[in-house]
Structures are given as structure tokens and as C-alpha cells.
Amino acid sequence: MRLLFQCTECGVHYLPPEGLAYADGSPASPLWCTEHQAAMRELGLTEPPAAAALALLGARQRAAAPPTEERPGRPDIRPTRTRRGATAPGGGRSRLH
Ligand SMILES: [Zn+2]
């Protein structure tokens, strides 16, 4: 399963290889695209582990739940209002005999 990430620097969506490791063996960052990851490495910056874990979790959740998921609407159940007329008096005079 490949995960889609969004670079926190430039906002581009990128798809690192499966296993989060590039062809040269360097680990992919869930925070930065290849360009920014290289730029950060040159600057000597490492990704904050908490932010990286969060980005990884978010990507996994997105992969697990497709965006085209339909939300079932709640059926509109309303109590039907019945108007009752005056209850007819039962009985009355019976005309037996
Ligand atoms: Zn970037």
C-alpha cells in the first residue's frame, strides 16, 4: 500500500515508494517531498518525530478510507400527527326489541 503525503513546506502531494524508502536507500519523510527533504538535510534539520508520526497516521487513515465514501443520511422520521376527532360515544341506545 502506497501512502500519499503532503509536503509541509510546499504543499505538494507526493507518493513515496512502498516501505518509505527511496531507490538510493534513504528513508522517505512523511513531512517533506524529495526536494525539501534534501534541502532540510543540507540544512542539517531532521523531521520532528511527533509530526512525522502524525503525518504517517493521517496518510494511513486516508488510504484506509476512500474519499468517495458516502455518508448515509439519517432517515427523516417524524411522528405523524394525527388529529383525533371527538371520540364517538359508543353504545347509545340499543334498539333491541
Ligand atoms: Zn516540498
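Residues numbered from 1 in each chain as written. Predicted model: local features only at pLDDT ≥ 70, side-chain atom pairs only at ≥ 80, totals over all residues. Heavy atoms only, no water.

Draft legend 1. Representation of the overall build of the protein chain in the model. Assigned secondary structure in the protein chain consists of two helices and two strands. Helices and strands in the protein chain line up, N terminus first, as β-β-α-α. Of all 97 residues assigned to the protein chain, the portion counted as buried reaches 21%. Long-range contacts, defined here as pairs at least 24 residues apart, represent 32% of the contacts in the protein chain between residues at least 6 apart. For the protein chain, the exposed surface amounts to about 8600 Å²; the carbon and sulfur share of it is 54%. (Helix = DSSP H or I, 4+ residues; strand = E, 2+ residues; numbered from the N terminus. Buried < 20%, exposed > 50% of the residue type's maximum accessible area, 1.4 Å probe, protein only. Contact = heavy atoms within 4.5 Å. Areas by Shrake-Rupley, 256 points an atom, 1.4 Å probe, with all protein chains shown as cover.)

Draft legend 2. Expanded view of the packing of aromatic side chains. On inspection of all chains with the given rule, the structure shows one aromatic pair. Ring plane angle 35° and centroid distance 5.9 Å describe the contact between Phe5 and Tyr14, whose orientation is recorded as tilted. Of the two residues examined, Phe5 and Tyr14, each falls in the buried class. (Phe/Tyr/Trp six-rings, centres within 6.5 Å; stacked < 30°, edge-to-face > 60°.)

Draft legend 3. Highlighting the coordination of the zinc ion. Protein-derived ligands of the zinc ion are Cys7 (SG), Cys10 (SG), Cys33 (SG) and His36 (ND1), with the metal-ligand distances lying across 1.9 to 2.4 Å. Coordination geometry of the zinc ion: the four donor atoms subtend angles of 102 to 116° at the metal centre, consistent with an arrangement described as tetrahedral. Look at where the donors of the zinc ion fall in the sequence and you get C-x2-C-x22-C-x2-H. Cys7 sits in the buried class, given a relative accessible area of 3%. Among the residues examined, Cys10 registers a relative accessible area of 43% and is labelled partly exposed. (Donors = N, O, S within 2.8 Å, 3.2 Å for Na, K, Ca; no water. Tetrahedral: all angles 85-135°; square planar, octahedral: opposite > 155°, others 65-115°.)

Draft legend 4. Layout of helix H2 (residues 49-64). Counted at 1.5 Å a residue, the expected span for H2 with its 16 residues is 22 Å, and the 22 Å between its end C-alpha atoms agrees. Among the residues of H2, those classed as buried are Ala52, Ala55, Leu56, Gly58 and Ala59. Projected onto a plane normal to the axis of H2, the buried residues spread over an arc of 165° and lie on a single side. Across from the buried face of H2, at angles greater than 90 degrees, the exposed residues are Pro49, Ala50, Leu54, Gln61 and Ala64. Of the surrounding secondary structure, the elements contacted by the buried residues of H2 are strand S1 (5-6). (Expected span 1.5 Å × (residues − 1). Arc of directions from axis to C-beta.)

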